Amino acid sequence: MAGMLDSKTVLVTGGGNGIGRAASLAMAREGARVAVADFEAEAAAATVGLINAGGGQAISLNGDVTRAADIAAMIESTVASFGRLDAAFNNAGIAPHQVKSIQQRTHEWADEPFDRMIEVNLKSVWLCMKHELPRMLSGGGGAIVNTASIAGLIGLRSATAYVAAKHGVIGLTKAAALEYAVDGIRVNAVCPGFIETRMTKLAVSLRGDQIKARTPMGRLGTPEEIAEMVVWLCSDRASYVTGVAYAVDGGMTAS
Ligand code: NAI
């Protein structure tokens, strides 16, 4: 049976862990050649090892998505290895606790963690698109999926910079979708709810029951459940879909 991403080359940022790893594996299973990028080089290599062990084609790339030169190099290496860039999953990101902001209200955030959060979770998405779009324009089209969050759709307490960054990701997604629709480039966002990755371990240990009680399905999601949406959005089956932010959240934002 034909794969949904046969003959496509995809770049995944943050592909070393969690959602990025699950998406990389799902894309490879659907026939894509996958460039797995992460600033944790060993993690990216481990994802590639899993893809290769399953008979897929992948390369690992090491770089920081906050650095334009690293992003340019990732795209160069992808094109050098696989000849083109058809899709990109701009997914690398961090949680408030990774900038040492835990349980802080808006007025308690310090400048430095706020700026870092915006740099990693928002500006990097724009930087990635800035470098991906010219390749897709010269290649005749493409598909971009940006990882936002339910925090891009609703407010969450103790996460002010994260919420601002993820709302910004949806704004970037919609603006780019309008600009490049005529060029055959679709730009969408995925908005995961609470997903079982290392990122949510702390939140789950602090208030796991509360999170489950607030989720109509009564459980956290898996990275694989996000990957399904990402594969579809990157595929030609989503050919008329652009500028949309899809929640994959067990029903959390329905209420
Ligand atoms: P994770 O921590 O398992 O994976 C994130 C990956 O991004 C890691 O491999 C990390 O090394 C990489 N990364 C972080 N900063 C980077 C940088 N500057 N340059 C290159 N790579 C970098 O986390 P998870 O949960 O898989 O998160 C992936 C995305 O999903 C993030 O954007 C996150 O905000 C978003 N998200 C996650 C949710 C969850 O419940 N886990 C919910 C909603 C959104």
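Scope of this entry: the structure provided in the associated data block. This structure is a prediction, so every number in the text was calculated from the model and none was measured.

## A closer look at the site of the ligand
Among the 28 residues in the neighbourhood of the ligand, the closest are listed as N17, D38, Y162, I195 and T197. Take V65: an N or O atom from its main chain is 3.0 Å from a nitrogen atom of the ligand. In the model, an oxygen atom of the ligand is placed 2.6 Å from a nitrogen or oxygen of the T197 side chain. Computed on the free molecule, the ligand has an accessible area of 820 Å², of which 98% lies beneath the protein chains in the complex. Those elements that provide at least two residues to the shell around the ligand are α1 (18–29) and α5 (160–180). Tallied by class, the residues present in the shell around the ligand amount to 12 nonpolar, 11 polar and 5 charged.

## Some words on unusual backbone geometry
A positive phi angle is found at S7, which is not glycine, with a value near 70°. Mapped onto the elements, S7 comes out in the segment before β1 (9–13). With relative accessibility at 57%, the residue S7 sits in the exposed group. A positive phi angle is found at Q103, which is not glycine, with a value near 55°. Within the secondary structure, Q103 is located in the loop between β4 (87–90) and α4 (111–139).

Thresholds, definitions, all that
- Residues numbered from 1 in each chain as written.
- Predicted model: local features only at pLDDT ≥ 70, side-chain atom pairs only at ≥ 80, totals over all residues.
- Heavy atoms only, no water.
- Near = heavy atom within 4 Å.
- Polar contact = N/O pair within 3.5 Å; in protein donor to acceptor, adjacent residues only side chain to side chain.
- Areas by Shrake-Rupley, 256 points an atom, 1.4 Å probe, with all protein chains shown as cover.
- Helix = DSSP H or I, 4+ residues; strand = E, 2+ residues; numbered from the N terminus.
- Nonpolar A, V, L, I, M, F, W, Y, C, P; charged D, E, K, R; others polar.
- Buried < 20%, exposed > 50% of the residue type's maximum accessible area, 1.4 Å probe, protein only.

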